[in-house]
Amino acid sequence: MRRARRITAWVAAGLTVLLVAATVWSGWTVRRSFPQTSGEVVAAGLDQEVEVLRDQNGIAQVYADTASDLLFSQGFVHAQDRFFEMDFRRHVVSGELAELVGRAALDTDIYVRSLGWYDVAGQELAQLDASSRSYLQAYADGVNAYLDDRTASELSLEYAVLGLTGPDYAPEPWTPTDSLAWLKALAWDLRSNMNDEITRVLASTAVPAELVEELYPPYPVDEHPPILDRGAIVSGRFDPTARPRSAAARPPLPRSVTRAVAPGLRTAARLDAAVPALLGTGSGIGSNSWVVSGEHTADGAPLLANDPHLAPAMPGIWAPMALHCRELGPRCPFDVTGLTMSGVPGVLVGHNDRISWGLSNMYADVSDLYVERVDGDRYLFDGRWVQMRVREEEFSIAGEDEPLTRTVRSTRHGPLLSDLDDGAALAAGAAPVPRPPGEGEYAVSLQWTALQPGRTMEAVFGINAARSWEQFRTAAQGFAVPSQNLVYADVDGHIGYQAPGAIPVRRLGEGRWPVPGWDARYGWRGTIPFRELPWALDPPSGVIVTANQAVVDPNRYRYTLGADGSYGYRSQRILDLLADRDDWTVDGMARLQTDTLHPMADPLVPLLLRRQLPTPYDREGQQLLVGWDGTQPADSAAAAYFNVVWRDLLALTFHDQLPARVWPDGGERWFAVVQRLLDEPRSVWWDDVSTEVVEQRNDILVAAMEQARDDLTSMQAEDPGRWGWGGLHELVLENRTLGQAGTGAVAALFNRGPYPLGGGSGAVNATSWIAADGFVATAVPSARLVVPMSDLDFAEWVVLGGASGHAFSTHYNDQTQAWLDGRLLDWPFTRDAVQRSADDELVIRPDPSAP
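These figures come from a predicted structure and were not determined experimentally.

(A) Inspection of the overall build of the protein at higher detail. Counting its regular elements, the protein contains 28 helices and 31 strands. The buried share of the protein, taken over its 851 residues, is 63%. Pairs at least 24 apart in sequence give 74% of the contacts found in the protein among residues at least 6 apart. Surface summary for the protein: the accessible area is close to 30600 Å², and the carbon and sulfur share equals 48%.

(B) Highlighting the packing of aromatic side chains. Scanning the entire structure with this criterion turns up 28 aromatic pairs. Ring geometry for Tyr 135 against Phe 334: centres 5.4 Å apart, planes inclined by 70°, an arrangement best described as edge-to-face. In this pair, Tyr 135 is assigned in helix α9 (residues 130-147) and Phe 334 in the loop between β8 (319-325) and β9 (335-340), connecting sequence segments 199 residues apart. By the burial criterion, Tyr 135 is buried, and Phe 334 matches it. Geometrically, the ring pair formed by Tyr 557 and Tyr 559 is edge-to-face, given 5.9 Å between the ring centres and 70° between the ring planes. Joined through ring pairs, the aromatic side chains of Tyr 111, Trp 117, Trp 188 and Trp 448 make up one cluster. Over the aromatic face of Phe 381 sits the side chain of Arg 412, whose NZ or CZ is 4.0 Å from the ring centroid. The ring of Trp 584 carries the charged tip of Arg 581 above its face, separated from the ring centre by 4.5 Å.

(C) A look at the environment of Ala 145. Take Ala 145: it is sitting in helix α9. Since its relative accessible area comes to 16%, Ala 145 is described here as buried. Sequence separation between Ala 145 and Ala 79 is 66 residues; the distance between their C-alpha atoms is 9.2 Å. In contact with Ala 145, other than residues within four places in its own chain, are Ala 43, Ala 44, Phe 72, Phe 76 and Arg 150.

(D) Geometry of the packing of helix α16 (residues 456-465) against helix α17 (residues 469-476). In contact at an axis separation of 8 Å, α16 and α17 are set at 170° when each is read in the N-to-C sense. Taken together, the axes of α16 and α17 are roughly antiparallel relative to one another. Contact with α16, carried on its side by Ala 459, Gly 462, Ile 463 and Ala 465, involves Gln 471, Phe 472 and Ala 475 of α17 and no other residues of that element. Residue composition of the contact of α16 with α17, by class: 5 nonpolar, 2 polar and no charged.

(E) Quick peek at a positive patch on the surface. On the surface, Arg 384, Arg 412, Arg 507 and Arg 525 cluster together into a positively charged patch. Within the secondary structure, Arg 412 is located in the loop between β16 (404-410) and α15 (424-430).

(F) Representation of the sheet that holds strand β3 (residues 60-64) in the model. Read across the sheet, 11 strands follow the order β1-β31-β2-β3-β8-β9-β10-β11-β18-β19-β23 without closing on themselves; strand pairing throughout is mixed. Lying at the two open borders of the sheet, with one neighbouring strand each, are β1 (39-43) and β23 (535-537). Between one strand axis and the next, the sheet turns by 15° as a mean value, whatever way the strands run. Bridging between β3 and β8 involves 5 bridges; their strand directions are parallel. What sits directly across from Val 62, in β8, is Leu 323. Contacts from helix α5 (residues 67-93) reach β1, β2 (50-54), β3, β8, β9 and β31 (840-846), with the element oriented near 155° to β8.

(G) How the structure looks around the pairing of strand β14 (residues 384-387). Direction of pairing for strand β13 (residues 378-381) relative to β14: antiparallel, over a ladder of 4 bridges. Its bridge partner being in β14, Phe 381 is matched across the sheet by Arg 384. Counting the residues in the hairpin turn of β13 and β14 gives 2 residues, including Asp 382, whose phi is positive at 55°.

(H) Spotlight on the packing of α5 against helix α11 (residues 176-189). Put simply, α5 and α11 touch, their axes get as near as 9 Å, and they point 70° apart. With respect to their mutual orientation, α5 and α11 come out roughly perpendicular. Relative to α11, the crossing made by α5 is left-handed. Contact residues: α5 offers Arg 89, Arg 90 and Val 93, while α11 offers Asp 178, Ala 181, Trp 182 and Ala 185. Of the residues contributing to the contact of α5 with α11, the split by class is 4 nonpolar, no polar and 3 charged.

(I) Local environment of the pairing of β31. Where β1 meets β31, 5 bridges bridge the pair, whose relative direction is parallel. Each bridged residue has a counterpart across the sheet, and for Ala 43 the counterpart in β31 is Pro 846. Strand direction decides the pairing type here: β2 and β31, joined by 5 bridges, are antiparallel. Note that in β31 the partner of Val 50 across the bridge is Ile 844.

(J) Region of interest: the state of the cysteines. Summed over the entire model, instances satisfying the criterion amount to 1 disulfide. Put simply, Cys 325 and Cys 332 are joined by a disulfide, and their sulfur atoms are 2.0 Å apart. Here Cys 325 and Cys 332 share a disulfide; its torsion about the S-S bond, -85°, makes the bridge left-handed. There is no split in this pair, since Cys 325 and Cys 332 are both buried.

(K) Broad picture of the pattern of salt bridges. Under the defined criterion, the tally for this structure stands at 37 salt bridges. Of the charged contacts, one joins Glu 124 and Lys 184 as a salt bridge, the two residues approaching to 2.8 Å between their closest N and O atoms. Here Glu 124, found in helix α8 (residues 117-127), pairs with Lys 184, found in helix α11; they are 60 residues apart in sequence, far enough to count as distant. As far as burial versus exposure is concerned, Glu 124 and Lys 184 are alike and both buried. Notably, a salt bridge pairs Arg 581 with Asp 583, separated by 2.8 Å at the nearest N-O pair. What makes Asp 583 partly exposed here is its relative accessible area of 40%. Among the charged side chains, a network of salt bridges with common partners joins Glu 51, Asp 65, Arg 326 and Arg 831.

What counts and how
- Residue numbers restart at each chain and count upward from 1, following the sequence in its written direction.
- Confidence filtering applies because this is a predicted model: local features only for residues at pLDDT of at least 70, side-chain atom pairs given and counted only at 80 or more, and all residues used for totals across whole chains, interfaces and linings.
- Calculation of side-chain values draws on the structure's entire complement of heavy atoms; hydrogens and water are dropped beforehand.
- Put simply, DSSP marks the helices as runs of H or I at least four residues long and the strands as runs of E at least two long, and each gets a number from the N terminus on.
- A simple rule labels every residue: compare its accessible area, found with a 1.4 Å probe on the protein chains alone, to the largest value its type can have, and call it buried under 20%, exposed over 50%, or partly exposed in between.
- Every residue pair with non-hydrogen atoms within 4.5 Å of one another is taken to be in contact.
- Accessibility throughout is a Shrake-Rupley quantity obtained with a 1.4 Å probe, and a residue counts as covered only by protein chains that appear here.
- Each pair of aromatic rings taken from Phe, Tyr and Trp, with Trp reduced to its six-membered ring, is defined by centres within 6.5 Å and is described as stacked if the planes are under 30 degrees apart, edge-to-face if over 60, and tilted in the remaining cases.
- Over a ring means this: the NZ of a Lys or the CZ of an Arg is within 6 Å of the ring centre and within 35 degrees of the ring normal.
- Angular values range over 0 to 180 degrees, each being the angle between N-to-C directions of two axes fitted as lines to C-alpha atoms, with helices fitted over their stretch in contact.
- Working rule for angles: under 35 degrees goes down as roughly parallel, over 145 as roughly antiparallel, 65 to 115 as roughly perpendicular, anything else as oblique.
- The residue classification treats Ala, Val, Leu, Ile, Met, Phe, Trp, Tyr, Cys and Pro as nonpolar and Asp, Glu, Lys and Arg as charged. All others, Gly included, are polar.
- For patch detection, residues must exceed 30% relative accessible area and be free of salt bridges, and they are connected within 9 Å for like charges or within 5 Å for nonpolar side chains (Val, Leu, Ile, Met, Phe, Trp, Tyr).
- The term salt bridge refers to a pairing of a side-chain nitrogen on Lys or Arg with a carboxyl oxygen on Asp or Glu at a separation within 4 Å.
- Think of it this way: Lys and Arg go in the positive column, Asp and Glu in the negative one, and His and the chain ends go nowhere.
- Here the site of a charge means atom NZ of a Lys, CZ of an Arg, CG of an Asp or CD of a Glu.
- At least two DSSP bridges between two strands are needed for those strands to be called paired.
- For a crossing to be left-handed, the near helix must be turned anticlockwise from the far one by less than a right angle; the clockwise case is right-handed.
- The term disulfide is used for any two cysteine sulfur atoms that are within 2.5 Å.

Distances and angles like these do not, on their own, reveal function.
Structure below.
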């Protein structure tokens with residue numbers, strides 16, 4: 001976040017309140033970028049007339065006769081509503097942000113360019129099938145048709161504000177590669193455990209490796225069942241009905257080598273954190289998605305629910321939209337609606353006229369860090385020195401005449417992250433670790449499946465057009481990165497699950513710690529074949545729940561899918577609630593999505609209440625927990641007290657022994673860690689090593705409650721009756737560019753909030769916060785949707801923010817209050833229902849003068 005703020009701090013130097021008042025508050029300046037949403041427009045490149053109907057929330061439903069015109073019009077509408085967002089993201093993912101905002105973005109550009117997202121996206125485009133390439137081109141043509149003859153300030157208010165500082169900026173035309181590069185950015189943020197590999201190493205510089213392992217307990221299969229409780233690979237295929245057997249033990253890894261690269265990993269971690277902050281994804285990401293069969297619903301048809309968890313931002317990350325072919329057929333196979341992202345064609349989560357699907361992050365481990373032995377531009381591998389791949393990257397910087405050139409080096413595994421810091425390799429080489437014979441230094445490289453071209457975009461189009469489980473699975477084969485849990489329901493009453501993705505098969509190890517790059521035994525041997533990945537259709541339970549927990553029992557599956565996902569607290573709570581009834585409705589599912597029970601209330605509150613506190617002042621806080629039901633609404637004083645106790649307990653237990661970079665975030669992994677420690681009252685973790693006494697569990701519990709009482713008195717009031725969880729746990733919707741400007745008057749134009757918030761980390765209503773940083777939400781349900789397969793016109797949804805990216809549009813933030821209240825909005829699908837809900841109708845006509 002600090003880097004993200006620096007990136008836009010340059011705005012403050014060129015802006016004054018007078019200029020803002022003179023320019024922005026002019027209604028003409030604010031509204032000149034608002035799109036035309038009714039009447040008629042002409043667009044060059046369109047073949048036939050297209051209709052765009054918008055409801056009272058500004059959500060577009062597009063009708064066309066051909067797939068080309070449909071995707072063209074999606075690009076046109078995305079550009080109407082959110083082109084600045086698209087352009088800013090494009091600069092981030094191509095490593096060219098410094099040319100827009102200056103030197104403050106240079107480190108991030110170097111990091112992104114070193115990874116080579118944009119280059120890989122270009123390679124990917126060439127490998128897609130002809131239909132997917134044509135759809136991407138049609139989308140880009142639609143974007144560019146809207147850009148045609150419009151100045152930057154006519155596209156978005158942000159450009160008008162930036163124009164006050166003097167630069168003459170004209171956006172480049174959109175290309176298919178721009179769309180594919182954004183998918184790489186999403187894959188980067190959902191790639192699972194690279195950050196966990198880094199934190200293991202950094203923790204091991206302070207405490208022994210066996211203590212580090214205690215901070216990463218195994219997945220609790222017996223307490224929190226995985227997504228699939230049965231299924232095994234039989235004769236080279238996953239059989240969802242087979243009973244799994246114990247998998248072969250996997251050999252342990254040598255960890256002493258990891259200390260050698262800690263300095264380089266600190267640098268990589270710092271730069272890595274900057275990218276999600278810019279993209280609006282961020283820490284605490286996950287998702288809930290589940291589906292139940294008709295035997296569990298009031299109307300006898302399946303119900304599907306999904307709420308993807310991402311960082312809160314303005315504009316919201318999702319652009320809800322529907323794409324309708326007037327007549328379904330080979331020329332136009334889409335009749336689909338759901339959550340889209342500006343810059344990417346198609347629908348990522350939603351339903352068509354036959355099937356519905358939802359996503360949650362699978363936390364598949366698709367990246368590994370390698371410690372490389374290097375000598376100049378050579379690296380050691382399998383007993384011989386190999387020449388690195390070396391390329392030069394040139395960076396243009398706004399306000400500077402001369403570009404900067406940097407060298408990017410890569411081994412067979414991937415780019416050298418340690419090259420991002422000049423002193424990292426020297427520090428690595430000086431560390432006392434077992435080394436191969438000869439001279440050389442040490443570096444850190446990254447191997448990641450997304451740095452190979454894939455076919456995820458094909459999968460998106462295929463899922464959008466799928467009409468059955470078989471077609472859905474066929475399309476899912478191409479869903480390479482990011483690996484997602486796919487849940488499924490259809491109008492014929494079927495429900496299903498598929499785990500897709502390019503997930504590496506490791507020759508040795510599990511990918512939990514960095515490994516020696518010079519040893520060929522630690523390499524990959526391809527990816528898990530799709531036919532061996534877990535799936536299920538119509539399981540006997542009639543229920544499939546995914547909430548980032550383990551997919552299968554990791555001890556009973558041949559391959560390592562990932563070791564650092566969530567620990568099943570949310571999934572178990574959802575399963576428990578679903579088991580309470582067999583007459584689920586859309587309204588009932590919507591209420592379940594907003595459940596706020598804190599998973600640690602049950603194991604921790606009884607222990608807290610058994611402790612004797614020394615003064616009436618301290619006991620006033622403790623008494624709030626008597627009779628507390630563990631839920632966390634925004635107005636709850638008990639939830640406020642418990643969460644502050646939780647934060648202080650983590651700090652008192654771990655901060656004295658761990659580096660600040662790896663202090664607990666307080667999420668589900670820490671639930672599992674602390675639950676175990678509660679049964680070990682004399683564990684070394686309870687002791688505060690900075691004191692001369694040896695503290696035990698009960699000492700820390702008392703100290704945490706005393707500290708929490710003081711904290712809340714300072715933060716809110718001395719009277720506990722005036723405490724409220726939402727007063728601490730706030731939702732701030734911040735624009736990722738100008739919303740972080742140093743000038744408050746500018747930030748106020750684009751930001752919204754704060755809003756008091758309920759829920760918390762690990763709750764079904766997963767409004768995550770980072771215990772080491774404060775209580776402000778860092779990831780939230782970015783959208784909520786429920787789809788009844790009995791009648792698609794009765795589906796409901798809501799997004800955080802609104803459909804528009806224009807700061808003063810009525811649809812910039814018009815859904816946030818409904819989101820806060822836990823309400824969903826109507827989501828019509830059939831033409832008659834859409835027509836009844838339409839507030840605006842725009843006809844886009846072909847340009848008769850176009851060749």
